[in-house]
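Observations on chain architecture
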Amino acid sequence: KSGFVKIHSGQVTTAHESGLFSLQSGETKASSGSFTLSSGKSQTEGNSGSFLLSAGEAAKGNSGDFTLSSGTAAGGKSGFVKIHSGQVTSADESGLFSLQSGETTASSGSFTLSSGKSQTDGNSGSFLLSAGVATKGNSGDFVLSSGKSKTAGNSGSFFLSAGVAAKGNSGDFTLSSGTASDGK
């Protein structure tokens, strides 16, 4: 194995905060440097290393916030953010991709996916959720549902609508099954 590398702020055994930990490329008047965090490549038969980013656990207080975002752009476009499981070039399945709020004995956190707000005259971004395209097999099922209430509570309401328009037309709302070239 190659050597183990560990970089961290020191442990604090009192009721004080541990030190701030920061990794970043330097500021510049031109383009700032790229920043890459990745597990190493397995060149032959092994698995590549797992990659974990998380806010720390809290024994009594709140766990830390976790934010993943492209930077703010004053004149141009903000950066593209892409999160996906890796491509598979063999006959195996690609990795599972899951986004969810954490489990709890109280109310779980809300979960929101939305395109950004247009603050002036532009249009807000389109928002697309779809099952993947299948070349020969069946495309994946697509399920939207409110959660199950296991004990005495009510299940959540389920709401789909086109957005409100202050001056123009509200958006069209279309719900349909896909086109079939040979089947039903």
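What comes next is a walk through the structure. Residue positions are given per chain, counted from 1 along the sequence in the order it is written. Totals for whole chains, interfaces and linings use every residue, but because this is a predicted model, local features are given only for residues with pLDDT of at least 70 and side-chain atom pairs only at 80 or more, for both listing and counting. In computing side-chain values, all of the structure's heavy atoms are included and hydrogens and water are not.

A count of helices and strands for the protein chain gives zero helices and zero strands. We take the radius of gyration over the C-alpha atoms and set the globule estimate at 2.2 Å times the residue count to the 0.38 power. In terms of C-alpha radius of gyration, the protein chain reaches 23 Å, well past the compact-globule figure of 16 Å for 184 residues. Principal axes of the C-alpha set define a box for the protein chain whose edges measure 60 × 55 × 50 Å. Using a 1.4 Å probe on the protein chains alone, a residue whose accessible area is under 20% of its type maximum counts as buried, one over 50% counts as exposed, and one in between counts as partly exposed. When the 184 residues of the protein chain are sorted by exposure, 0% land in the buried category. Strands are runs of DSSP state E lasting at least 2 residues, helices are runs of H or I lasting at least 4, and numbering of each runs from the N terminus.

Exposure remark for Val88: the relative accessible area of 30% places this residue in the partly exposed category. Here the alpha-carbon distance between Val88 and Leu99, two residues eleven residues apart in the chain, equals 21 Å. With near-sequence residues (within four places) excluded, Val88 lies in contact with Glu93 and Ser94. By the convention used here, residues are in contact when the closest approach between their heavy atoms is within 4.5 Å.

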